[in-house]
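What follows is each chain in one-letter form.
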Amino acid sequence: MMKGSIGLIMVLCLSITSSITIWEDGKEYHFLEESAVQVGTKDLDRSASGLRMMSDVRIQVSGNRLMVSMDNVQEAHYSHSYAGADWPYRLMQEKVKDPKSRYFKSVGYENGNTFSMVLEDGLVSMLELPEGLSMNGKNMMRALASILQMDTTEHEMGIW
């Protein structure tokens, strides 16, 4: 089982067979996905507002189709001032107990849903989203699909 973005990067860089292969057919990949959006100011009083999302992602590979499931979706909201050298959000992995940026279970978005995508030359050629999903949920899934693709055209094996 792989955790974190480093695991994803290693998969993308090291899983090469006779041709450029990013996702190995028949395999299942697991990682922790985390993203944040914030707005803020560094004027007289440093303050920020934002949203941070984190989820467990499972990818099952069948040929050029990826089945992507997102579970245990959590979110943290932030709207406070922060110390000058600090980042307003404290990551769970940093083991910082900051009551202003605590994660809680997300009741909406894409939690527990699965979507599929077809890749051609490493790029998304088709995306199938669950029926009845909110616009926010669809956008979150599109964002994840975007980071799971990698253009493999015009690349020589020597760079991999």
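Treat the numbers as computed from the prediction; the structure is a model and nothing was measured. (Residues numbered from 1 in each chain as written. Predicted model: local features only at pLDDT ≥ 70, side-chain atom pairs only at ≥ 80, totals over all residues. Heavy atoms only, no water.)

Peer 1: Is there a simple way to think about the pairing of strand β3 (residues 65-81) in this case?
Peer 2: Looking down a regular strand, the side chains alternate between one sheet face and the other. Two strands pair when backbone bridges link them, and strand β2 (residues 47-62) and β3 are joined in this way by 15 bridges, in the antiparallel orientation. Across the sheet, residue M53 finds its bridge partner in β3, namely E75. With six bridges connecting them, β3 and strand β5 (residues 113-120) associate as antiparallel partners. Following the sheet pairing, L66 is matched in β5 by M117. (Pairing = 2+ DSSP bridges. Helix = DSSP H or I, 4+ residues; strand = E, 2+ residues; numbered from the N terminus.)

Peer 1: Whenever I open this one, the pattern of salt bridges confuses me. Can you help?
Peer 2: Close approach of charged atoms lets side chains of opposite charge pair. The tally for this structure, following the rule as stated, stands at three salt bridges. A salt bridge links E34 to R52, with the shortest nitrogen-to-oxygen separation between them at 2.9 Å. With E34 in strand β1 (residues 28-41) and R52 in strand β2, this pair connects stretches of sequence that are 18 residues apart. (Salt bridge = Lys/Arg side-chain N within 4 Å of Asp/Glu carboxyl O.)

Peer 1: Mind showing me how you'd approach helix α2 (residues 135-147) here?
Peer 2: A turn of α-helix holds 3.6 residues, and therefore any two residues three or four places apart point the same way. Compared with an ideal rise of 1.5 Å per residue, which puts 13 residues at 18 Å, α2 spans 19 Å between its outermost C-alpha atoms and is within 8% of the ideal. Along α2, the positions that sit buried rather than exposed are G137, M141, L144 and A145. Relative to the axis of α2, the buried residues are bounded by an arc of 100° and lie together on one face. (Expected span 1.5 Å × (residues − 1). Buried < 20%, exposed > 50% of the residue type's maximum accessible area, 1.4 Å probe, protein only. Arc of directions from axis to C-beta.)

Peer 1: Looking at this model, I keep getting lost on the pairing of β2. Mind explaining?
Peer 2: Summarising the sheet, β1 and β2 pair through 14 bridges and their orientation is antiparallel. Looking at β2, one finds that G40 is bridged to A48. Linking two consecutive strands that pair antiparallel, namely β2 and β3, is a turn of two residues; a positive phi of about 65° is found at G63 within it.

Peer 1: Before we go on, may I ask you to explain the environment of K105 in this structure?
Peer 2: Along the chain, K105 turns up in strand β4 (residues 104-105). Taking the C-alpha atoms as reference, K105 lies 9.9 Å from M53; in sequence the two are 52 residues apart. Each residue touching K105, except ones within four places of it in the same chain, is listed here: N72, V73 and Q74. A polar side-chain atom of K105 sits 2.3 Å from a polar atom in the side chain of N72. (Contact = heavy atoms within 4.5 Å. Polar contact = N/O pair within 3.5 Å; in protein donor to acceptor, adjacent residues only side chain to side chain.)

Peer 1: How do you make sense of the side chain of E75 when you look at a structure like this?
Peer 2: Checked against the element boundaries, E75 lands in strand β3. Within polar-contact distance, the side chain of E75 engages the side chain of H77 at 2.5 Å.

Peer 1: Can you walk me through unusual backbone geometry in this structure?
Peer 2: Of all residues except glycine, most have a negative phi; of all peptide bonds, most are trans. Notably, N72 is not glycine yet its phi reads approximately 50°, a positive angle. Overall, the relative accessible area of 27% leaves N72 in the partly exposed class. Backbone geometry at D121 places phi at a positive 55°, although glycine is not the residue there. For D121, the position within the fold is in the loop between β5 and β6 (123-128).

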